[in-house]
Amino acid sequence: MELTVLARLHFDGAGFAGWQRQSSGRTVQGEVEAVLARLCGRPIRAHAAGRTDAGVHALGMAVSAVVPARWTPAALAKALNALLPPDCWVEEVVAARPGFHARKCASGRAYEYRIGTDPASRSPFRRPFEWALARELDLDRLVRAAARLPGRHRFDRLAVQTARRAHARCEIRLARWTQRSDRRGVRFEVAADRFLHHMVRMLVGTMVDIALHRRPEEDLDRLLGLDDGVRASPPAPPEGLYFVRAEYPAHWFDAADDCP
C-alpha cells in the first residue's frame, strides 16, 4: 500500500545549485530524496512544482512523492524536519489522490521578488535574501509597468531560449509592485498559469531599468509584442527571488485520506 503526499517546503537557496538533481553540486531535490530514502527504506522520487535556479529561495515549494502507507502526513512531516538540513523546512504534509504530481497537476504558480533600496541592503545579513540595489526606484513607473502584464502574452523575449519549450504563452493573473512594510525597498508579486526559464528575473530586470529611467516604459509592450528592435534587460539576481506557492484543483485533495 502506498500514500501520495504533497509537502510544502521552505528552503534557503544560497547553498544549493537549484532544485533539480545534478551530476555535481548540492541540490534541494538531492537532499529531499536522500531523506525520503532513509525514512522509507528504498529510493523515493520527489517532484517539485518548479525547478528553481541556484540561489533562488522558496517559501512554499510544492513537492510530491509516493511513500509507504505506514506513514501518516503528520508523522512524515515531523520525520522530514528531523533529518533535513537546517536550510530546509517542511511547513506541512497533506495526503493527495493517487496520480497527483506537483508539477504536472499545478494550475498556477506564484513568485515574489524583493529589492533593497537603502544602503543597508548591502549588509551580509540581507544581501543573500534580496537584490541589494541600494538605489531609490521610481515606484510609479514600476506600478505602471506591472499593469501592462496581466493577460495572456508570448514571453519569448523575456525568457531564456530553450529548445525544449513547446510554446512561450503564459497567462499572468497578478503582477503588482508595492513598497515593503519595512520601508527598505520594494517587492514584486506575480502569479501565472506557468513561467518560463528566468522569466520573472528578466521581467524584474527590465522593469527596474524602466524605474531607473534607463529605458522607456513602452519597451515592455514592445517586448511582449515581439518587436525585433528591442531586447530585455539582464535578469535580476537570483537572491531576491522566492517561489511562494503552487495552486491545484481541489479534487486532488478532497477526501484524499480515504483513498485506498
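Residues numbered from 1 in each chain as written. Predicted model: local features only at pLDDT ≥ 70, side-chain atom pairs only at ≥ 80, totals over all residues. Heavy atoms only, no water.

Chemist: Looking at this model, I keep getting lost on the packing of helix H3 (residues 139-147) against helix H4 (residues 199-211). Mind explaining?
Modeler: The axes of two packed helices give the description: the angle between them and the distance between them. Axis separation between H3 and H4 bottoms out at 8 Å; the angle between their running directions is 135 degrees. Put simply, H3 runs oblique to H4. Here H3 and H4 pass one another in a crossing that is right-handed. Each of Arg141, Leu142, Ala145 and Ala146 in H3 lies in contact with H4, whose residues at this interface are Met207, Val208, Ile210 and Ala211. Looking at the contact of H3 with H4 residue by residue, the classes come out as seven nonpolar, no polar and one charged. (Axes fitted to C-alpha atoms, helices over the stretch in contact; angles between N-to-C directions. Helix = DSSP H or I, 4+ residues; strand = E, 2+ residues; numbered from the N terminus. Parallel < 35°, antiparallel > 145°, perpendicular 65-115°, else oblique. Left-handed = near helix turned anticlockwise from the far one by under 90°. Contact = heavy atoms within 4.5 Å. Nonpolar A, V, L, I, M, F, W, Y, C, P; charged D, E, K, R; others polar.)

Chemist: Help me understand H4 in this model?
Modeler: One full turn of an α-helix is made of 3.6 residues, so residues set three or four places apart face in the same direction. In a regular helix each residue adds 1.5 Å, so 13 residues correspond to 18 Å; H4 covers 18 Å between its end C-alpha atoms and thus fits that length. Within H4, 13 of the 13 residues are buried, leaving the element largely enclosed by the surrounding structure. Count one or two residues on from H4 and you reach histidine 213, which has phi positive near 65 degrees. (Expected span 1.5 Å × (residues − 1). Buried < 20%, exposed > 50% of the residue type's maximum accessible area, 1.4 Å probe, protein only.)

Chemist: Help me understand helix H1 (residues 28-40), please; the structure alone is not making it clear to me.
Modeler: With 13 residues, H1 ought to run about 18 Å at 1.5 Å a step, and its terminal C-alpha atoms sit 18 Å apart, in line with that. Restricting attention to buried positions, one finds in H1 the residues Val28, Gln29, Val32, Glu33, Val35, Leu36, Leu39 and Cys40. In an axial view of H1, the angular spread of the buried residues amounts to 160 degrees, which keeps them on one side of the axis. Elements in contact with the buried residues of H1: strand S1 (2-11), strand S3 (57-68) and helix H2 (73-83). For H1, the N-terminal capping position is held by threonine 27, with its side-chain oxygen 3.0 Å away from the main-chain nitrogen of glycine 30. Remark: glycine 41 follows H1 within two positions and exhibits a positive phi of approximately 75 degrees. (Arc of directions from axis to C-beta. Polar contact = N/O pair within 3.5 Å; in protein donor to acceptor, adjacent residues only side chain to side chain.)

Chemist: Is there a simple way to explain the packing of H1 against H2 in this structure?
Modeler: It is at 10 Å that the axes of H1 and H2 come closest, and there the two elements cross at 120 degrees. As summarised for this structure, H1 and H2 are arranged oblique, according to the angle between their axes. As H1 runs across H2, the sense of the crossing is right-handed. Residues Val35, Leu36, Arg38 and Leu39 of H1 pack against Leu76, Ala79, Leu80 and Leu83 of H2. Taken together, the residues of the contact of H1 with H2 break down into seven nonpolar, no polar and one charged.

Chemist: Would you take a moment to explain the pattern of salt bridges for this structure?
Modeler: When the charged atoms of two side chains with opposite charge come close together, those side chains can pair. Under the definition given, this model contains 28 salt bridges. Notably, a salt bridge pairs glutamate 31 with arginine 26, separated by 2.7 Å at the nearest N-O pair. Counted as one network, the salt bridges with shared partners bring together Glu112, Arg114, Arg176, Arg187 and Glu189. (Salt bridge = Lys/Arg side-chain N within 4 Å of Asp/Glu carboxyl O.)

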